[in-house]
Amino acid sequence: MLDVQEQQFLMPFESALKGVCRILELGAKKYGMNNWLQTNGTKSSSEAMHNSMFHHIAQSYCGLLEDEESHEDPLLHATTRAMMMYVIRQKGIQHD
């Protein structure tokens, strides 16, 4: 565990990490807790995850600063999906 002084490198990311937590909370309310880990989820396949990331990155590229539904920055959505994909790969989960 890092001590307080060692944690200073995380400070620039505080708002982004809190934003990712908000996106995860919104998703849990809408789709169920950790539904993205389910192997039969329609929104949790590799294709769906990548499509979502590309969609949100394209929104950001086009200058959109706020997602219509969540009112959060599309980059937070893309970051959250990337983190989900990382966890899925690390856990060796194979989606249908």
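Before reading further, recall that the structure is shown in the block above.
These lines cover the structure that appears in this document, whether it is placed above or below. The shown structure was predicted, so the numbers you read here are calculated from the model rather than taken from an experiment.

Observations regarding the side chain of serine 45
Turning to step 1, where the next piece is worked out: Looking at the secondary structure, you find serine 45 in the loop between α1 (14-31) and α2 (46-61).
Turning to step 2, where the next piece is worked out: Side-chain polar atoms of serine 45 contact the backbone nitrogen of alanine 48, separated by 3.1 Å.

A few points about the environment of isoleucine 93
Turning to step 1, where the next piece is worked out: Note on placement: isoleucine 93 falls in the segment after α3 (74-91).
Turning to step 2, where the next piece is worked out: As for isoleucine 93 and threonine 39, which are separated by 54 residues in sequence, their C-alpha atoms are 7.1 Å apart.
Turning to step 3, where the next piece is worked out: Setting aside its immediate chain neighbours within four residues, isoleucine 93 contacts Leu37, Thr39 and Ile88.

Regarding the pattern of salt bridges
Turning to step 1, where the next piece is worked out: This structure, assessed with the given rule, holds four salt bridges.
Turning to step 2, where the next piece is worked out: Across the pair arginine 22 and glutamate 72 runs a salt bridge, and its minimum N-O distance is 2.6 Å. Placement of arginine 22 in helix α1 and of glutamate 72 in the loop between α2 and α3 is noted, with a sequence separation of 50 residues between them.
Turning to step 3, where the next piece is worked out: A relative accessible area of 36% places arginine 22 in the partly exposed class.
Turning to step 4, where the next piece is worked out: With relative accessibility at 13%, the residue glutamate 72 sits in the buried group.
Turning to step 5, where the next piece is worked out: Between lysine 29 and glutamate 25 there is a salt bridge, with the nearest N and O atoms lying 3.7 Å from each other. Residue lysine 29 and its partner glutamate 25 are both found in helix α1; the two are separated by four residues, about one turn of the helix.

Some points on α3
Turning to step 1, where the next piece is worked out: Compared with an ideal rise of 1.5 Å per residue, which puts 18 residues at 26 Å, α3 spans 26 Å between its outermost C-alpha atoms and is within 8% of the ideal.
Turning to step 2, where the next piece is worked out: If you check which residues of α3 are buried, you get Pro74, Leu76, His77, Ala78, Thr80, Arg81, Met84, Met85 and Ile88.
Turning to step 3, where the next piece is worked out: Tucked into the core, α3 has its buried residues touching α1 and α2.
Turning to step 4, where the next piece is worked out: Sitting at the amino-terminal end of α3 is aspartate 73, which places a side-chain oxygen 2.8 Å from the backbone nitrogen of leucine 75.
Turning to step 5, where the next piece is worked out: Glycine 92, located one to two residues past α3, shows a positive phi value of around 70°.

Analysis parameters
Residues numbered from 1 in each chain as written. Predicted model: local features only at pLDDT ≥ 70, side-chain atom pairs only at ≥ 80, totals over all residues. Heavy atoms only, no water. Helix = DSSP H or I, 4+ residues; strand = E, 2+ residues; numbered from the N terminus. Polar contact = N/O pair within 3.5 Å; in protein donor to acceptor, adjacent residues only side chain to side chain. Contact = heavy atoms within 4.5 Å. Salt bridge = Lys/Arg side-chain N within 4 Å of Asp/Glu carboxyl O. Buried < 20%, exposed > 50% of the residue type's maximum accessible area, 1.4 Å probe, protein only. Expected span 1.5 Å × (residues − 1).

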